[in-house]
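Below are the chains, spelled out letter by letter.
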Amino acid sequence: MALIAPSLLAADFANLQRDCEMVNRSEADWFHIDVMDGLFVPNISFGMPVISAITKHATKTMDVHLMIEKPERYIKEFKAVGADILTVHYEASTHLHRSLQAIKTEGMKAGVALNPHTPVSLLIDVIQDIDLVCLMSVNPGFGGQKFIEQTYSKVKELKRIIKGANSSTLIEIDGGVTSANAAQLIEAGADVLVAGSFVFKSDNPEATIAGLKKM
Ligand code: DX5
Ligand code: ZN
C-alpha cells in the first residue's frame, strides 16, 4: 500500500481551506505542495504566505516540492512556514549534498527530485543521505500532463540502488498519476504517489483518494 499525497496545485485556490479539510478527512497521507519560481520551470505557483495559510488548516505531513533555482537560499523559510519534507531538484542544486545536510539541520526530511531526463544512477553516491527521491513522471511546471511511461524502469532501477545501499529512501512519483498507472508503479517499487488533477478534478475527490489508497 502506497502513501498518497494529493497535490494542492490542482485545488481551488479560492477555497483552499475547504480543500485542505477534504484532504484532512480523506485517507490521504501527506499534502504535496508545489512551489514554482518561473525560472527553473516556466510557471509560477505560490510561495510562503500561501503555504502558511495551508499549514494553518492541514493536519498531515507537509511534503514541499521546490521547483526553484538555488533552493538552498530558502531552507529556513520553508521550515518556518511548516514544511516537514523539503525536496530540491537535482538539476537546480550545484551543491546537493550541502543542501541535504542543511535541510536535515533544520529538522526536516530531505528529498531530491529528478526531471524525466535525469538518470537515477546520478544519486548513487548520495543515496544514504536522501529520505525521499521524487521521480518526475512529467516535465515539471504544470499539473494535468500525460504520464511518461519510461518512469516504470526508472523506479525499478532506483529501487535496486536503494536496496543495494541498504537505505530506507522512499520513492515518490509525481505527475500524471491515475488509477490507470498506480498499481504498476507500486509493483515497480513506488512508495508515495502524488496526484493532483486526478484527485481534484474528479467528482468525488475523497473517494478518488480512497480508490488510490486501495491500489
Ligand atoms: C508538476 C508538479 C506536480 C503536479 C502533479 O510540476 O510537481 O506535483 O501538481 O499534477 P498532476 O497529478 O495533475 O499531474
Ligand atoms: Zn510536485
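Scroll up to find the structure.
Reading guide: rules and limits
Residues numbered from 1 in each chain as written. Chains lettered and ligands numbered in written order. Predicted model: local features only at pLDDT ≥ 70, side-chain atom pairs only at ≥ 80, totals over all residues. Heavy atoms only, no water. Donors = N, O, S within 2.8 Å, 3.2 Å for Na, K, Ca; no water. Tetrahedral: all angles 85-135°; square planar, octahedral: opposite > 155°, others 65-115°. Helix = DSSP H or I, 4+ residues; strand = E, 2+ residues; numbered from the N terminus. Near = heavy atom within 4 Å. Polar contact = N/O pair within 3.5 Å; in protein donor to acceptor, adjacent residues only side chain to side chain. Nonpolar A, V, L, I, M, F, W, Y, C, P; charged D, E, K, R; others polar. Buried < 20%, exposed > 50% of the residue type's maximum accessible area, 1.4 Å probe, protein only. Contact = heavy atoms within 4.5 Å.

Some thoughts on the coordination of the zinc ion (ligand 2)
Think of it this way: four donors in a tetrahedron around the metal ideally sit 109.5 degrees apart, and six in an octahedron ideally sit 90 or 180 degrees apart. Looking at the metal site, the zinc ion (ligand 2) is ligated by H32 (NE2), D34 (OD), H65 (ND1) and D174 (OD), spaced 2.0 to 2.3 Å from it. Taken together, the 6 donor atoms coordinating the zinc ion (ligand 2) and their angles of 69 to 168° define a geometry best described as octahedral. All donors to the zinc ion (ligand 2) come from one chain, and their sequence spacing reads H-x1-D-x30-H-x108-D. Pair noted here: D34 is in strand 2 (residues 30–36) and D174 is in strand 7 (residues 170–174), with a separation of 140 residues, a long-range link.

Focus: the site of ligand 1
In the vicinity of ligand 1 there are 20 residues, among which D34, G141, D174, G196 and S197 approach most closely. Between ligand 1 and G176, the relevant distance is 2.8 Å, taken from an oxygen atom to a main-chain nitrogen or oxygen of the residue. A distance of 2.4 Å separates an oxygen atom of ligand 1 from a polar side-chain atom of S197. Those elements that provide at least two residues to the shell around ligand 1 are strand 2, strand 3 (61–67) and strand 8 (192–195). Ranked by the residues each element gives to the shell around ligand 1, the list is headed by strand 2, at 3 residues. Of the residues belonging to the shell around ligand 1, the class tally is 8 nonpolar, 10 polar and 2 charged.

Some details on the environment of F200
Mapped onto the fold, F200 is located in helix 7 (residues 197–200). By relative accessible area, which is 12% here, F200 ends up buried. In this structure, the C-alpha to C-alpha distance between F200 and S153, residues 47 residues apart in sequence, is 28 Å. Beyond its immediate sequence surroundings of up to four residues, F200 is in contact with P6, S7, L8, A10, A11, D19, M22 and V23.

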